[in-house]
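Residue-level structure breakdown
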Amino acid sequence: MKQGFFTITENRKLTPTTWLMRMTGDVSGIRAPGQFINIKLNGHFLRRPISISDARKDCITIIYKVLGHGTEEMTCLTPGAELDVLTGLGNGYDLSDAGDRPLLIGGGVGIPPLYLTARCLTNADTTVILGFNSKEEIYYVDEFEKLGARVIVATADGSCGVRGFVTDAFRELVNKGETFTHFYTCGPEPMLRAVYERVYEKAGISGQMSFEERMGCGFGACMGCSTKTRNGNKRICKEGPVLRTEEILW
Amino acid sequence: MVDTKVDLCGITIDNPVIPASGTFGYGYEFAELYDINCLGTFSFKGTTLDPRFGNDTPRIAECPSGMLNSVGLQNPGVDDVIREELPKLERVFHKPVMANVSGFSTDEYAEVVKRLDRSAVSDMIGWYEINISCPNVHGGGMSFGTDPKMAAEVVKAVRWMTDKPIIMKLSPNVTDITEIARACETEGADGISLINTLMGMRFNLRTGKPILANVTGGLSGPAVFPVALRMVYQTAKAVNIPVIGMGGVSSAEDVLEMMMAGAVAVEVGAANLVDPYASRNIVRDLPYAMKKYGIDSF
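Residues numbered from 1 in each chain as written. Chains lettered and ligands numbered in written order. Predicted model: local features only at pLDDT ≥ 70, side-chain atom pairs only at ≥ 80, totals over all residues.

Describing the overall build of chain B
Counting its secondary structure elements, chain B contains 10 helices and 15 strands. Overall size of chain B, expressed as C-alpha extent along the three principal axes, is 55 × 45 × 40 Å. Here the analysis covers contacts within chain B between residues at least 6 apart in sequence; of these, 72% occur between residues at least 24 apart. (Helix = DSSP H or I, 4+ residues; strand = E, 2+ residues; numbered from the N terminus. Contact = placed C-beta atoms within 7 Å.)

Following this line, the structure appears as structure tokens:
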């Protein structure tokens, strides 16, 4: 973990509820995709934990969903503004298990950390399944494609791509006889549970899942975000947010 | 040159700044960020006899100028603390540490103190801070700190187990905190620390349900600072043993205010969670703040 001041260079709307922010500063604290940063906002006591979408040279990209007062105020920040940020929090994804055919599954606001993951998986034949509620909420499909990954979109209302959830898109691939070496996922908990059931339990593919929890500090001090696993109690902010399918107690 | 040293129950500490229990783990995580030997001391995570997972999540809710927590005394249990946590701490912290002890019965408080006091790492411990004020557990914790008779029973039970100073950590969720403090003093407590968190709650507007899985939690942060100051002031007048002030302390100026209210030392809690360097910064700023307000020593 590192504390640093970052200067906003870009802050724009991607969809009606999703925003992208870029900021420059010392990114040396970031070690793996799937890690997050914790942002101090004026007028709010606790920091806002947000996953890292991309980090290169001296620039961090985050993509955030406007959910409450904090994220709402973030949309008002303009280039040049300075933010107090803790970087390099959490364990992140372990890419050494990816194999040659990794599968990335992202749902809604859980998609951002998979971008850096896909970018780091340079030597693999990567498939990305992105799930949205509807066409209007789709973002970042082109960006994933530019990385050379195959992207499959699923929308719950069928307005674009596969009609249904990410697990429906996965089933289509399996029915075509496709196999995968490992999976990485992030998204809302109902999606994670469905992925755990279909991809890990039923299809027998091991993977790594990124979890969300209300946090106090974000760096392991307050025990606010603890969860039970097969490997004992873990703090989502410190030993997580990424847990392996084998250790999840579902 | 100002002198930041203070005497805390017979042990001189370099400065009165003490990270509070539950906001500083067992220290070594903060030691990765800065040399924690700059602190007066710190109070480690509340330790019970058996390992505890604590309450279900969500355990955290934000509030104006503060936060609610309902962690519920998650800790690995006293034997693991002795075997794993304190040896790890010993490598990075070379001052007496404050051992924070919690329990669900007077016997449990006594047994935890006994095991710590007779352990191979007992030399590391300078003081016992007995938490009779946790608002987030049922059938223990705060129930001992809201009744002067029960508080006295806990003091009596742990008093037998150690010669080290015993500091009783009190709850603000009472009608008259000075009555509890006096009861602790009468039974031989060496010091009082206050305040633990104030009970509160918040609702999720979308679901209409409480945010915290435990329904209620403890409020901390700058929001509680004036309440804490008032209670420290009242308690310091009511007893003749040292009082440690805590509750929303976030700056060197807050430390000075606590000392003006009668505290001999000050614990820093929620501030550590927002800024991991908060306690170090307070230690750094304190001499300048003292000089600014014409304070040579405490």
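The rest of the description comes next.
Things to note about the overall build of chain A
Helix and strand counts for chain A come out as 5 helices and 15 strands. The C-alpha atoms of chain A give 17 Å as radius of gyration, which agrees with the globular expectation for 250 residues (18 Å, within 12%). Overall size of chain A, expressed as C-alpha extent along the three principal axes, is 50 × 40 × 30 Å. Every one of the 250 residues in chain A was classed for burial, and the buried ones make up 47%. Restricting to contacts in chain A with at least 6 residues of sequence separation, those with at least 24 account for 62%. (Rg over C-alpha atoms; globule rule 2.2 N^0.38 Å. Buried ≥ 20, exposed ≤ 12 C-beta atoms within 10 Å, placed from the backbone.)

What to know about the environment of R193 of chain A
Tracing the chain through its elements places R193 of chain A in helix α5 (residues 189–202). Along the chain, R193 of chain A and Y93 of chain A lie 100 residues apart, while their C-alpha atoms are 18 Å from each other.

Section: the nonpolar core
The biggest cluster of nonpolar side chains holds 166 residues, and the ones touching the most others in it are M168 and V266 of chain B. Inspection of this core shows a minimum of three residues originating in each of domain 1 (2–89) and domain 2 (95–210) of chain A. Those residues in contact with V266 of chain B that lie beyond four places of it in its chain are P16, V17, I18, I244, G245, M246, V249, V255 and M258 of chain B. (Core = buried A, V, L, I, M, F, W, Y, C linked by C-beta atoms within 7 Å. Domains from an automatic or database assignment.)

Observations concerning helix α2 (residues 78–90) of chain B
All names here are of chain B. E84 marks the point of greatest bend in α2, at about 30°, and the proline P87 comes within the next four residues. Those residues of α2 not exposed but buried are V78, V81, E85, L86 and L89. Elements that come into contact with the buried residues of α2 comprise α1 (28–31), β6 (97–101) and α3 (106–117). (Bend = angle between axes of the 7 residues up to and from the residue.)

Looking at the interface of chain A and chain B
As a measure of interface size, the accessible area lost when the parts come together is often cited. On the side of chain B, 25 residues touch chain A, which itself brings 20 residues to the contact. Tallied by class, residues from the side of chain A that touches chain B come to 9 nonpolar, 7 polar and 4 charged. (Nonpolar A, V, L, I, M, F, W, Y, C, P; charged D, E, K, R; others polar.)

Topic: the domain arrangement of chain A
Residue and element names in this part refer to chain A. The domain architecture assigned to chain A consists of domain 1 (2–89) and domain 2 (95–210). Placing the centre of domain 1 and that of domain 2 at their C-alpha centroids yields a distance of 24 Å. Counting from both sides, the interface comprises 14 residues of domain 1 and, opposite them, 12 residues of domain 2. Looking at the side of domain 1 that touches domain 2, the elements with two or more residues in it are β1 (2–15), β4 (48–56) and β5 (59–65).

Notes on the sheet that holds strand β4 (residues 60–63) of chain B
Residue and element names in this part refer to chain B. The strand order β4-β5-β13-β10 describes an open sheet built from 4 strands, whose pairing is antiparallel. Unpaired on one side and paired on the other, β4 and β10 (198–200) mark the two borders of the sheet. For this sheet, the mean inter-axis angle between neighbouring strands, taken without regard to orientation, is 35°. In terms of strand pairing, strand β5 (residues 66–69) meets strand β13 (residues 217–220) through 3 bridges, oriented antiparallel. The residue bridging L68 from the neighbouring strand is L219, located in β13. (Pairing = 2+ DSSP bridges. Axes fitted to C-alpha atoms, helices over the stretch in contact; angles between N-to-C directions.)

Some remarks on the sheet that holds strand β8 (residues 166–169) of chain B
Residues and elements named next belong to chain B. Reading across from one edge, β3-β15-β14-β9-β8-β7-β6 is the order of the 7 strands in this open sheet, with parallel pairing throughout. Each having just a single partner strand, β3 (17–19) and β6 make up the two edges of the open sheet. Between one strand and the next, the sheet's axes are offset by a mean angle of 25°, whatever the strand orientation. Here 5 bridges tie β6 to strand β7 (residues 125–131), and the two strands are oriented parallel to one another. Looking across to β7, one finds that A99 is bridged to Y128.

Some words on the pairing of strand β15 (residues 265–268) of chain B
Residues and elements named next belong to chain B. Burial along β15 is two-sided: the face carrying A265 and E267 and the face carrying V266 and V268 are both buried. Across 3 bridges, β3 lies against β15 in parallel orientation. Looking at the pairing, I18 lines up with E267 of β15. Of the strand pairs in this sheet, strand β14 (residues 243–246) and β15 are connected by 3 bridges, and their pairing is parallel. When the bridges of β15 are listed, I244 appears paired with A265. With helix α8 (residues 252–260) bridging β14 and its parallel neighbour β15, the resulting β-α-β unit is right-handed. (Right-handed = clockwise from strand over helix to strand, strands pointing away.)

What about the pairing of strand β7 (residues 102–107) of chain A?
All names here are of chain A. In terms of residue burial, β7 counts as a mostly covered element, since 6 of its 6 residues are buried. Here β7 shows no split at all, with P102, L104 and G106 on one side and L103, I105 and G107 on the other all buried. In terms of strand pairing, β7 meets strand β8 (residues 127–132) through 5 bridges, oriented parallel. Considered in β8, the bridge of G107 is made with G131. A crossover links β7 with its parallel partner β8, the connecting element being helix α2 (residues 112–120), and its sense is right-handed.

Some remarks on the packing of helix α6 (residues 177–186) of chain B against helix α7 (residues 225–238) of chain B
What describes two packed helices is the angle between their axes and the distance between those same axes. All names here are of chain B. The geometry of α6 relative to α7 is characterised by a closest axis approach of 9 Å and an angle of 40° between their N-to-C directions. Considered as vectors, α6 and α7 are oriented oblique to each other. By crossing handedness, the relation of α6 to α7 is classed as right-handed. Touching I177, T178, A181 and R182 of α6 are M231, Q234, T235 and A238, all from α7. Counted by class, the contact of α6 with α7 contains 4 nonpolar, 3 polar and 1 charged residues. (Parallel < 35°, antiparallel > 145°, perpendicular 65-115°, else oblique. Left-handed = near helix turned anticlockwise from the far one by under 90°.)

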